[in-house]
Amino acid sequence: MSIGLALSGGGAKGAAHIGVLQALKEENIQIDYISGTSSGSIVASLYAVGYNPFNIYDLFDAYCSHIFDCDKKLPFRLAGTFFTGRVSIKGLAKGDKLEKFLKMYFAKKGVYDISDVEFPLAIPTVDLTSGEEVYFLSKYIDGESRSNGYDDLPSYIYSSNLASIVRASSSFPAVFEPKIINSKVLVDGGVRVNTPVTILRKMGADKVLAVCFDKNDNCQSYTKNIIGITLKTFDIMGHQINEEELLKADYILTPNVEDVGLLDCSKTRKIINQGYYAVKNNIEKIREKLLT
């Protein structure tokens, strides 16, 4: 019985995935496939290249302090809009520091390209030009014919720099600049698939455990700034799409991290503990759904 683990995006909330991995390890539940979107892709890729949960905690803690590399030219670009009438701002942050950071730690494991990853890994992104889902995979699956434009058939890519892929999947619209890979203008996979379950089935997983932070609470308060408003908007738009994806999971785990903001790096240990105890408190149900 092979098990896939789908890790949702959620900014700093993604630290909960580290606790989930540690608890599953302690319970001797082996993960055979892993996927992740946005911050979930960071944890998933570090795990897939060989870092254990304790290593990932140290790296994630360091990553969190480097994530928001604000574009130093932003004030000048903003000022320029008043004179030219043209808005050239692609995002508040470039994502260069995140990519450089990941590239360094992937290299320590001898991994540069996603094709170097031996563990079955899937990372979704979305192409702004075509609207299609673009999956980067370390394990080959049978392709599907597709037409151009907005449809439900994704594209699969099996070779590209892993750090660039994770940066693309973490490029939350309006916060981080899109990442161009293979002439595709890529943004956060959460625009279309925030908890990548289906791809794990296609890769060969018999059972799938999904970890997400979507509680369908549209009355939940939000931070009244550009980031908070943007995040809430995408939460509302993406909820139904993500719900359809979650229906394909065998068990859905939802750590209690509602009070954590997108870039809140002050609660990493607490967030990890919530992921850990979400597994421990539901371990019998998890075993029943995944191991029988």
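Cut-off values and rules
- Residues numbered from 1 in each chain as written.
- Predicted model: local features only at pLDDT ≥ 70, side-chain atom pairs only at ≥ 80, totals over all residues.
- Heavy atoms only, no water.
- pLDDT = per-residue confidence, 0-100.
- Contact = heavy atoms within 4.5 Å.
- Helix = DSSP H or I, 4+ residues; strand = E, 2+ residues; numbered from the N terminus.
- Expected span 1.5 Å × (residues − 1).
- Buried < 20%, exposed > 50% of the residue type's maximum accessible area, 1.4 Å probe, protein only.
- Arc of directions from axis to C-beta.
- Salt bridge = Lys/Arg side-chain N within 4 Å of Asp/Glu carboxyl O.
- Pairing = 2+ DSSP bridges.
- Right-handed = clockwise from strand over helix to strand, strands pointing away.

So, on to the confidence of the model for the protein. Across the protein, the average pLDDT comes to 83, with 75% of residues at or above 70. Counting interchain partners and residues more than four positions distant, the pLDDT-below-50 stretch residues 216-222 has 9 contacts.

This brings us to helix α9 (residues 268-280). Between its terminal C-alpha atoms α9 stretches 19 Å, which fits the 18 Å expected from 13 residues at 1.5 Å a residue. Buried residues of α9: T268, I271, I272, G275, Y276, A278 and V279, and no others. Viewed along the axis of α9, the buried residues span an arc of 160°, placing them on a single side of the element.

With that settled, consider the pattern of salt bridges. When the charged atoms of two side chains with opposite charge come close together, those side chains can pair. Scanning the entire structure with this criterion turns up 9 salt bridges. Across the pair K184 and E132 runs a salt bridge, and its minimum N-O distance is 3.1 Å. Here K184, found in strand β9 (residues 184-188), pairs with E132, found in the loop between β4 (121-127) and β5 (133-137); they are 52 residues apart in sequence, far enough to count as distant. Here the two residues K184 and E132 agree in accessibility, since each one is buried. A salt bridge links D250 to R201, with the shortest nitrogen-to-oxygen separation between them at 2.8 Å. In this pair, D250 sits in the loop between α8 (226-246) and β11 (251-253) while R201 sits in helix α7 (residues 198-203), placing the two residues 49 residues apart along the sequence. In this structure R201 comes out as partly exposed when scored by relative accessible area, which is 29%.

Here A122 is to be found in strand β4. Under the relative-accessibility criterion, A122 is labelled buried at 0%. In contact with A122, not counting residues within four places along its chain, are I34, S35, G36, F136, L137, I199 and M203.

What follows deals with the pairing of strand β2 (residues 33-36). Burial along β2 is two-sided: the residues Y33 and S35 and I34 and G36 are all buried. In this sheet, β2 lies alongside strand β1 (residues 3-7) in parallel orientation, the contact comprising 4 bridges. Considered in β2, the bridge of L7 is made with G36. Traced from β1 through helix α1 (residues 16-26) to β2, the parallel crossover comes out right-handed. Looking at chain direction, β2 and β4 are connected through 2 bridges and run parallel. Of the residues in β4, the one forming a bridge with S35 is A122.

Time to look at the pairing of β9. Within β9, 4 of the 5 residues are buried, which leaves it mostly tucked inside the rest of the structure. Bridge count between β4 and β9: 3 bridges; the pairing is antiparallel. Residue pairing for β9: D127 is matched across the bridge by L186. Strand direction decides the pairing type here: strand β8 (residues 179-181) and β9, joined by 3 bridges, are antiparallel. The residue bridging I181 from the neighbouring strand is K184, located in β9. Turn length for the β8-β9 hairpin, with the two strands adjacent in sequence and antiparallel, is 2 residues, and the turn residue N182 shows positive phi of about 50°.

The next thing to look at is helix α6 (residues 162-169). For α6, the buried fraction is high: 8 of the 8 residues fall into the buried class. Within α6, burial applies to L162, A163, S164, I165, V166, R167, A168 and S169.

Quick look at unusual backbone geometry now. Phi at N182 is positive, roughly 50°, even though this residue is not glycine. Under the relative-accessibility criterion, N182 is labelled partly exposed at 49%.

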